[in-house]
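Report on the structure
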Amino acid sequence: MPALTRLQRLLGHEPNAVVSIVGVVVSVALPTAVRWALHPVLGDALWFATYYPAILAATVFLGWRLGLLTLLLSALVADYVFIPPPHTVSLQATDAAAVLVFLFSGGIILITATLLRQAIHRLNRSTDIQEALNRELQHRVNNNLAVVQALAAQTVRSSPDLPAFSASFQARLTALSKAQTVLSTGEWHRCDFPELPAAALEPFMGHGHITLQGPACSVPAESCVPLVLALHELATNAAKHGALSVPDGQVSLRWRLRESSRAPELVLEWVESRGPQVMRPSRRGLGSRLLAQQAGLADVQVQYEPEGLQCTIVVHAVSVASAAHRSAPHTLGASLNDPTSA
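These remarks concern the structure in this document. Given the structure is predicted, the values throughout are model-derived calculations rather than measurements. (Residues numbered from 1 in each chain as written. Predicted model: local features only at pLDDT ≥ 70, side-chain atom pairs only at ≥ 80, totals over all residues. Heavy atoms only, no water.)

A few points about the environment of Ile109
Structurally, Ile109 is set in helix 6 (residues 93-158). Between the C-alpha atoms of Ile109 and Ala57, which are 52 residues apart in sequence, the distance is 9.9 Å. Beyond its immediate sequence surroundings of up to four residues, Ile109 is in contact with Tyr52, Ile55 and Leu56. (Helix = DSSP H or I, 4+ residues; strand = E, 2+ residues; numbered from the N terminus. Contact = heavy atoms within 4.5 Å.)

Focus: the packing of aromatic side chains
Evaluated as defined, the whole model comprises five aromatic pairs. For the pair Phe48 and Phe102, a centre-to-centre distance of 4.4 Å together with 15° between the ring planes defines the contact as stacked. Of this pair, Phe48 sits in the loop between helix 3 (39-42) and helix 4 (51-62) while Phe102 sits in helix 6, and the two are 54 residues apart along the sequence. Here Phe102 falls in the buried class, since its relative accessible area comes to 0%. Taken together, the aromatic side chains of Phe48, Tyr51, Tyr52 and Phe102 make up a single cluster linked through ring pairs. The ring of Phe82 has Arg35 lying over it, and the distance from NZ or CZ to the ring centre is 5.1 Å. (Phe/Tyr/Trp six-rings, centres within 6.5 Å; stacked < 30°, edge-to-face > 60°. Buried < 20%, exposed > 50% of the residue type's maximum accessible area, 1.4 Å probe, protein only. Lys NZ or Arg CZ within 6 Å of the ring centre and 35° of its normal.)

Considerations on the nonpolar core
Counting 37 residues, the largest nonpolar core has Val219 and Trp270 as the members making the most contacts within it. When contributions to this core are tallied by element, the ones reaching two or more residues are helix 8 (195-201), strand 2 (210-214), helix 9 (221-240), strand 4 (250-258), strand 5 (265-273) and strand 7 (308-315). Those residues in contact with Trp270 that sit more than four places away from it in its chain are Leu201, Leu231, Leu234, Ala235, Ala238, Val251, Ser252, Leu253, Leu309, Gln310 and Cys311. The next biggest cluster of nonpolar side chains, apart from the first, holds 12 residues, and it includes Trp47, Ile55, Phe82 and Ile83. (Core = buried A, V, L, I, M, F, W, Y, C linked by side-chain atoms within 4.5 Å.)

Brief notes about the pairing of strand 7
When you tally the buried positions in strand 7, you get six out of eight residues, the bulk of the element. Relative to strand 7, strand 6 (residues 299-305) runs antiparallel, the two sharing seven bridges. Its bridge partner lying in strand 7, Tyr304 is registered against Leu309. Following strand 6, the chain reverses through two residues before pairing antiparallel with strand 7. (Pairing = 2+ DSSP bridges.)

A word on the environment of Thr174
Position of Thr174 among the secondary structure elements: in helix 7 (residues 162-185). Taking relative accessible area as the criterion, Thr174 reaches 42% and is therefore assigned partly exposed. Sequence-wise, Thr174 and Glu202 are 28 residues apart; in three dimensions their C-alpha atoms are separated by 9.8 Å.

Some thoughts on the side chain of Thr114
With respect to the secondary-structure elements, Thr114 resides in helix 6. For Thr114, the side chain forms a polar contact with the main-chain oxygen of Leu110, separated by 2.7 Å. Ignoring any residue separated from it by four or fewer positions in sequence, one finds Thr114 in contact with Thr59 and Trp64. (Polar contact = N/O pair within 3.5 Å; in protein donor to acceptor, adjacent residues only side chain to side chain.)

What about unusual backbone geometry?
Looking along the chain, the bond that leaves Pro84 and enters Pro85 is cis, with omega of -5°. Within the element layout of this structure, Pro85 appears in the loop between helix 5 (64-81) and helix 6. Following Phe193, the chain continues to Pro194 via a peptide bond in cis, the omega torsion being 15°. Of note, Arg274 is a non-glycine position whose phi angle comes to about 60°, a positive value. Structurally, Arg274 is set in the loop between strand 5 and helix 10 (286-290).

Some details on the pattern of salt bridges
Following the criterion strictly, the structure yields two salt bridges and no others. Between Arg256 and Glu269 there is a salt bridge, and its shortest N-O distance comes to 3.7 Å. Of this pair, Arg256 sits in strand 4 while Glu269 sits in strand 5, and the two are 13 residues apart along the sequence. Among the ionic pairs, Arg258 bridges to Glu265, the shortest N-O distance being 2.9 Å. Classification of Arg258 as partly exposed rests on a relative accessible area of 35%. (Salt bridge = Lys/Arg side-chain N within 4 Å of Asp/Glu carboxyl O.)

What about the sheet that holds strand 8 (residues 319-320)?
The sheet built from three strands is open, its strands ordered 1-3-8 with antiparallel pairing. Edge positions in the sheet fall to strand 1 (192-193) and strand 8, since each has one partner strand and no second. Sheet topology places strand 1 next to strand 3 (residues 217-218); two bridges connect them, and they run antiparallel. Among the inter-strand pairings, Asp192 is bridged to a residue of strand 3, identified as Ser218.

What about the packing of helix 2 (residues 17-37) against helix 5?
At a minimum axis distance of 10 Å, the contact between helix 2 and helix 5 shows a crossing angle of 35°. Between helix 2 and helix 5 lies a crossing whose hand is right-handed. Touching Ser20, Val24, Ser27, Val28, Thr32 and Trp36 of helix 2 are Leu66, Leu69, Thr70, Leu73, Ser74, Val77 and Val81, all from helix 5. Here the contact of helix 2 with helix 5 is composed, by residue class, of eight nonpolar, five polar and no charged. (Axes fitted to C-alpha atoms, helices over the stretch in contact; angles between N-to-C directions. Left-handed = near helix turned anticlockwise from the far one by under 90°. Nonpolar A, V, L, I, M, F, W, Y, C, P; charged D, E, K, R; others polar.)

Here's what the structure looks like:
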C-alpha cells in the first residue's frame, strides 16, 4: 500500500478510548518537554510556540473534541509551568491576554484541522465506494457473460430455425441491456411493484420458467437498486447453476404485504424447483454480499434446499396501493413468460 494511502487510512481512522487518552497526554507532554528544553534559549518568551503543531496533530488524528481538550490543557499547563511566576496560574492582565491570544490562534488551527479531517473522511468514503464499484463491475461482467451463454442455450432449444433464433436472441439481449442500464445508473423514476421485478428479471423471462405474483405497492428509493441487484443475482445464479439452467426448471417470485408497527413491510419469496440438486457454495463472494442484509434490505435469508434454492427478502416502509389493488394480487407470470413475447 503506498505511503500516502496508509497515511490517509490512519488519518481517517476513529481512535479508541485508550489511544485517545494517550494521544492527548502525549500532545500536551511532548511540546511541554520541548519548550522546557528550549527554556535556556527562549527564556520568558514564546511560551506557547511548541504547542501549535501538537494541537494540529491531535485534531487531525483524534478529532475536534480531543483537539479542543489538547488546546485547553496546553494553555493551562503553559501558564502554570512557563509564565512567571512559575508553578502558579497567572491572573495578571498581560498574561491573561497572552493566554487568550493562544486560545484564539489555537482555535483557528483547530477549525482548519477539523476541516482537513472531514475532507480525509470524505476521501476515504469515496475510495471505498470506488473499490466496491470496481469489484461489482468485474463481478457483473462475469455474470453477464454467463447470462448471455444461458440465454443463447435456452434460445437454441426453443428456436425451430436460425432466423427465429436470431430474432429471439436479439430481443433477449436488448432486454438484458435495459436491465443493465437500470443497474448502472442506479436511478428509478418509479420504484413500484410489479414493475421493478419485471424489469430486473426481463432478460431471464421465457418458456414459462419465471412467475411473478403479488400486490401492487411501492418501495422506498434506497431499496430499489439493492432489490434489482439481489433479483439479478438470484436469476443469474439460477441461469448458471439452478432452476433456469434446465428446460423444466421453475422459479416462483411471490411477494406479500405484512403489517408492522411503523409501516407495512414487503416480504419477497424466491423459490426454485425442478432444477438440479442444490449445493451450498464452498466460499462467499460478491454475490453473497448482494444477497445479505444491507441498507434498503431489512432482512435477507437464503436457504439451500436440495429441491431448489429459496430466498426471502424483507423491505421496510412500503407504500401500499389503493384498496382495489391490495385486494387482488397482480400476476405477471402468464404474460411475461409467453414465448411469443421473447
